[in-house]
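Overview (structure and organization)
Take a look at the letters that make up each chain.
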Amino acid sequence: MALRADLGGAGSGELTDLLNAARLGDGEAAQQAYDFVYADLRERAGQSLRRMPSATLTPTALVHEMYLRLSDHQRKPLRDRSHFFALAARAMRQIVIEHARRRGAQKRGGDQRMIDLEAAWDLADADYGQVLEIDTALRALEKSDAELVRLVEWYFFAGLTFDEIAEMTDRNERTVRRNWELAKAFLRRQLDGAEP
Amino acid sequence: MSSTRDWSRVKALFISALDLPESERADWVAQQCTDDPDVGDEVVSLLASQRGPHHDLLSRGGGVALAVAASMATKPPSSPAGTHIGPYLILREIGSGGMGRVFLARREDGQYQRQVALKLIREDLTNPELLRRFLLERDTLARLVHPNIATLLDGGIEGNAPYFTMELVEGDPIDVWCDRHRLDVRARVALVIRICDAVHYAHRNLIVHRDIKPTNILVGAAGEPKLLDFGIAKPLDAMPAAGLTQTHGRVMTQEYAAPEQILGEPITTATDIYALGMLLYELLTGHRPYPAAEAGHASWAKAIVEHAPEPLARALRRTGDTDAVIEDLAHRRASSVPRLRRHLRGDLEHIVQRALEKAPEARYATVGALREDLRAHLDGRALAGDSQRYRIFKFLRLHRVAVAGAGLVLLLVAAGIAGVVYQARETARQAQTTSAVKDFLLTLFNASSPEETKGKPPEVRELLDRGTARIEHGLDDQPALKAELEGVLGRIYSQLGLYAQARVLQERAVSALRHFAPASPAAGVAMRQLAETLTEHGELEPAETLARESTDLLQTTGKTDEYIRALIALSVVVERRGDIPVAEQLAERAVATARAPQIEKAVLGDALSAQGMVEWDLRDLPRLEATYREALAIHRAAFGDIDLRVATDRQNLTLALRNLGRYDEALENARANVQIREKILGPTHPDLSRALYTLGTTLYHMARYEEAEPVLRRAVAIARDRFGENHATTATALNNLGLVLMDWHGLDEAEQVFGEALRIDVAQLGPNHSSALSSASNLGDVHARQGKLELAEQELRDVLDRERAADIKDEVFELNRLGDVLRQRGDWHEAVALHREALEQVKTMFAPNTRQAALSHYFLGLALVAGGEDAEAETELRASLDALRALMPPDGAHPYAASTRLALGELLLKRSNTRSEGLRMLSEAAELRERFLGSDDARTREARQVLTRARAQIWQDASAAKPDATH
C-alpha cells in the first residue's frame, strides 16, 4: 500500500481505517498511520510556517489545522482525536531529531554569553545538542514509562498546553503538570550526567 | 535504575512529594522507603534535579518542534571562519538564530581597524523584493546615531544573502546585568529610562524596533545600555499593510510579542511601548506578566491576546516558586520581599499596566510620555495624568459608543500614526492633512458622546463625509494608511446603514489592498466587509464572488477567525441567492471550524447563528431552537444583552419559536430584538425594518392585528426611506403589511400593497423567485376575497404552475387558496383533490399541528360540505380545530378558529343530536370574531346573523314539536 502525503491520492480515506486497526493492535497499520502523518507534517509544516506569521501559529493550531485538513479528506470522520494527536506529536519529535542530527550538533557547553540575538525560541547549536540527548534519554524511558514519553512529546515537542493534554488523556491538569515535573527532572538528570 | 515496578513507585512518590514544602520532602521520602532505600535515593535524586532555576531547553516551555520546523528551510550551515563576506574577514561565529548568523569580523581593506559584528541573513528568507527593501533599510538604519543604540556600520549583499555590520557590543543582557549588580528598583527604572530615550529617538526617525527584549539590550562594563538589532525594523513611511510584515518569515520571539503582532495587525510605535512595558515588568519582578503561560497552562499567544497582566506585586510570588527563589528575587533587587512588594504597588503598577494595554491606542501615546511618567515616579512627582487619548479610550470602553465602536478606536490609532508622521514631515501640505485628519477625528469623537449619538445620523454623517473627502485628497503617498482609513470609515458608514457610501469606500480599500498587499489577511477582511455591504444592498452576484475570493484567501493565511467570518458571509449571500444546500454546507463548515478550542467563542456564536438561519428545516425545529439558543447564550456571555449579535439571535429564535407554536416566547424575543436594535442603531436604521416586520408578523400570527398594523407600517416606512422603492426588503415589508390588512380591515389596501410588493419582487428577483410567488399568491387570495373569482383562479393557477416548474415543494397555500376559489365557483370535486394534496404536503414537510395543517383541514372540510360529504367534512373540521388548539393553547383562540367553528356549527345543526353543540360552536364563532375583528366587521356581523338564524330555527322547531292545540 503506497501511502502518500498527497491527501488527494490513494492514501486518503485509509487513515481512519489505519488508526482503527492500530488501536486494535495492528502494528503494521500503526506504522503506516504514523508514516502518513509524518509525511504530511513534514511537507506542510515548513510551508505553512513560511507563509504564516509564526507568532499566530501556535503549535496546537498547527496540529488542529492538520487534523481538520486530514478530516476533510477522509470519507469517514477521524474520531480518535487523541490517537491522532499522539501520532502528530511523535512525528514532530522525529522531525526535530532529524533536523538536529543534520546540523551536526555539538555537545552542550561553550560560552553562553555570546551575542544572542534572538533568545527564547531560537535554537542555538548547543540547543540542538540537548535535543539529541533528550531524545536518547526518552528512548531509554520508553521501556519503563511510555506514557511519560508521550507527555514529553505532546508538551515539549508539539507544544500542546497542559489543559489540552489533560483533556486528551482524560486526566486532570494538575496531574499532567506533576508528571511533567517528573519528566523534566528525569531528563535533566540524564543531561547533567552526560557532561564529560 | 531497575525495574518498571520500581519506577511506578518512584513516580508515585515523586509526585506526592511535590505536595509537600520543599524542606520536608527528603525526610518524607526517606520515611516512605525504609523498606527499599534505593527507591528512596532515586526519588531524592530526581527531586534534586527538579529544584532551582534552570536555563536549559527544558525550562523554555513547550513547542520546541515549532521553532525547529520554522527553521527547517535552512541549508546546512557551512563554517565560514577565515572566509570573506564583502570586504570583511570572518573571524568566528558568535551567535545564530532564526534569522541568521552572527560573526565576529574585521574589515580587511584598511578602514575600520576595529572588530565588528556581522550579521548574515538566511538566504531562504529573502527574495528580490526583500533584498531591495533591505538595501533601503540599511540607509535608514544608518541614520540612527545615538549613544544607546548599537550603530549600524555597513551592509551589503553576499551572493543572495544580505548582511550588515554593526558596532560590536560586549556586555550582558540587561536582565542578567541588573541581577548581577543587584540593582535596586530605582536603578532599574533609571536604566529603562535610558532605553526609552533611544527608542524615542528611533521613533522620531520613523523607525519602530518591533523586537525589544532583554537579550536585545546589552549593558557594558560602564553601565551603558545599548539597544541591538534594529535589523527587522522598518521605517514607518514605508510600512506596508499588515500582511507584508509577515512574509519576512521570521520566527518572532513569542513571549515578548505584542497583541497586535500576534494578531497580524499593524505594527506601530505603540508596539514598542508594549515591549518596554514587558521589559519593565521583567526587570522589576523577574517574571513575565502572564502566569498561565509561564506555567504552561495556556499558550503564549493566547495569554498575550486575552489575559490581563498580573499586578506587579502579585507576580513576585508565583505558584511553584519556592521561598528561596522569591527571597533571591528580592535580594537581587537589593530589597526584601515586603519592601519590594510595597514599592511595586502604586505608580509603577499604573505605568506598567498602561504600557501593557491590549489595545495599542490605550497605551502611552509616545515613548516620551512613558519616559516622563517614569521620571516623575523617580522624582516623587505625580504622574502626568491621563492624556486625552487615554481618556478617550477609557471613556469609549465605559460607554458603548455604538456609532463606531472599534471603528472609531481604530481611527484614533490612525490619528496616532498620523501624528507621528506629522512629527517628522516638513511639508506644509502633509502637515495640514494629517493634523486635519487628527482634528477631524477628535471632533468626531466629541460629537459622539452617548447622549448625542444614538439616532443622530445626520450630524455624524456630515463629519464622516467631510472626513472621507479629506482622506481622498490627502493621503496618496501613504497608500497603506489610506486603505486602512477607508476600510474603517466604510465600516462606520455601513453600521450607520449608509450602504452606498460604505460601498464606495470599501471598494477603494479593497482595490488598494489588492494592489499592494494582495495576499494579506487585511485584503481578505476588506473583501469580506465589502461583500457584506453588497449583500445588504441586494447585489448578490458580486457579493458572492467577493466572498468566495475572501474565503479562498483567508483560508491560506492561518487567521482562522477571519476565515470563519468569511465563510459565514459567503453562506449568507449564497442562501439569499437561493442555493440552500451549498449555503448549508458552508455554514456547517464554519461551525465545525469554529468549534476548535483556540477559536474565540464569540466566533462560534456567529457561526451557529448563521447555520441556524441557513439550515431552516421546519421538521427539526427543536434542533433549530437549540442552535439558536446556543448562539444566543454565547453572544450574551461575551457581549452582554445589548448587542447586535444578540439581537440577530433573538430574531432567529423568534421564527423558530413561532413555528413551534410558542407565540408568547416568540413575541418576547421579537420585542427584545426591536428594542436592542433601536437602542444601538437609532429609530430609522434600515436593519430596524426587518426587526419590525418580524415583530409585526409575530403579532399577526397571534391575531393581534391592531398592534401589528402600526408596527408593520413603520417597517414599510423605514424600508422605503432607507432602501428605496425598489428593494427586496421593502417588498417583504409590504407583503407582511398586506397580510394584516387582508385579514383585518383593509382588503382594498391589501390589494394595492400586494400588487406593489409583487412588482418589486418581479423586478428585483425575477417572477419565479419564492418571494415573488408569495406575493402573487397573496394577491390572488385578496382577489378571491373581493369576489373576483375568475381573476383569482387565473393568478393562483399561474403561481402553482411556476412552483411546479421550479420544483418548489411547498405549494400548500396555493393549493388551498385555489381549491377554495374552485369551490366557490362550484367545482367542489377538484377543490377536494387540491385540498387533499395540500394535506399530503403538510404531512411530509411540516411538524404536526401547524397553521398549514389547520388551514388545510378547514378548507378540505368546506369543500366536502359543498359536496355533501357531511361525515368526512365533520372529521376534517374537527381536525382543524384540534390543530389550532394545539397551536394556540389553551383553546385555539384565533379568527381562523372562528371560521372553522362557523362551518362546523352549521354542519352540526343538521343533526338533531348535535344541535346544541352546533349552536355552541356558532356562538363561540361569533364571540371570536367580535373579539378579534371588532363588532363592526362584516365577518362578525355575518357570524352573528348565522347565529341568530340558527337560534330562530331551533326555537321554531321546538315550538313545532309542541302539540298544536288550535287549528
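Residues numbered from 1 in each chain as written. Chains lettered and ligands numbered in written order. Predicted model: local features only at pLDDT ≥ 70, side-chain atom pairs only at ≥ 80, totals over all residues. Heavy atoms only, no water.

Here we look at the sheet that holds strand E9 (residues 217-219) of chain B
All names here are of chain B. Ordered in space as E7-E9-E10, the 3 strands form an open sheet in which the pairing is antiparallel. Looking along the sheet, the strands with just one partner apiece sit at the ends: strand E7 (172-173) and strand E10 (225-227). Direction of pairing for E7 relative to E9: antiparallel, over a ladder of 2 bridges. When the bridges of E9 are listed, Asp172 appears paired with Val219. Running over the sheet, helix H7 (residues 185-204) touches E9 and E10 and is turned about 35° from E10. (Pairing = 2+ DSSP bridges. Helix = DSSP H or I, 4+ residues; strand = E, 2+ residues; numbered from the N terminus. Contact = heavy atoms within 4.5 Å. Axes fitted to C-alpha atoms, helices over the stretch in contact; angles between N-to-C directions.)

Quick word on the packing of aromatic side chains
Taken as a whole, this structure holds 9 aromatic pairs over all chains when the rule is applied. Seen from their ring centres, Phe156 of chain A and Trp180 of chain A are 6.4 Å apart, and the 20° between their planes marks the pair as stacked. Taken together, the residues span a long stretch of sequence, with Phe156 of chain A in helix H6 (residues 146-157) and Trp180 of chain A in helix H8 (residues 173-194) at a distance of 24 residues. In this structure, Phe156 of chain A and Trp180 of chain A share a single accessibility class: buried. When the centroid spacing of 6.1 Å and the interplanar angle of 50° are considered together, the rings of Tyr700 of chain B and Tyr705 of chain B count as tilted. Look at Tyr700 of chain B and you get buried, because its relative accessible area is 6%. Given a relative accessible area of 2%, Tyr705 of chain B falls into the buried group. An aromatic cluster is defined as three or more aromatic residues linked by ring pairs; in this entry it consists of Tyr155, Phe156, Phe157, Phe162 and Trp180 of chain A. Lying over the aromatic face of Tyr364 of chain B, Arg354 of chain B brings its terminal NZ or CZ to 4.4 Å of the ring centre. (Phe/Tyr/Trp six-rings, centres within 6.5 Å; stacked < 30°, edge-to-face > 60°. Buried < 20%, exposed > 50% of the residue type's maximum accessible area, 1.4 Å probe, protein only. Lys NZ or Arg CZ within 6 Å of the ring centre and 35° of its normal.)

Remarks on the nonpolar core
All names here are of chain B. Counting residues in each nonpolar core, the largest one holds 86 residues, and the members touching the most others are Leu692, Leu695, Tyr705 and Phe754. Per element, the largest residue contribution to this core is 9 residues, and it comes from helix H40 (residues 851-866). Excluding residues that lie within four positions of it along the chain, Phe754 makes contacts with Asn735, Gly738, Leu739, Met742, Ser775, Asn778, Leu779 and Val782. In this structure, Ile273, Met278, Leu283 and Tyr364 belong to the second largest nonpolar core, which totals 63 residues. (Core = buried A, V, L, I, M, F, W, Y, C linked by side-chain atoms within 4.5 Å.)

Let's talk about the packing of helix H28 (residues 601-614) of chain B against helix H29 (residues 621-639) of chain B
All names here are of chain B. Where H28 meets H29, the axes come as close as 8 Å, and the angle between the chain directions of the two elements is 150°. Relative to H29, the element H28 lies roughly antiparallel. At the point where H28 passes H29, the crossing takes the left-handed sense. From H28, Lys601, Ala602, Leu604, Gly605, Asp606, Leu608, Ser609, Gln611, Gly612 and Met613 reach across to H29, where they touch Leu624, Thr627, Tyr628, Glu630, Ala631, Ile634, His635, Ala638 and Phe639. Of the residues belonging to the contact of H28 with H29, the class tally is 10 nonpolar, 6 polar and 3 charged. (Parallel < 35°, antiparallel > 145°, perpendicular 65-115°, else oblique. Left-handed = near helix turned anticlockwise from the far one by under 90°. Nonpolar A, V, L, I, M, F, W, Y, C, P; charged D, E, K, R; others polar.)

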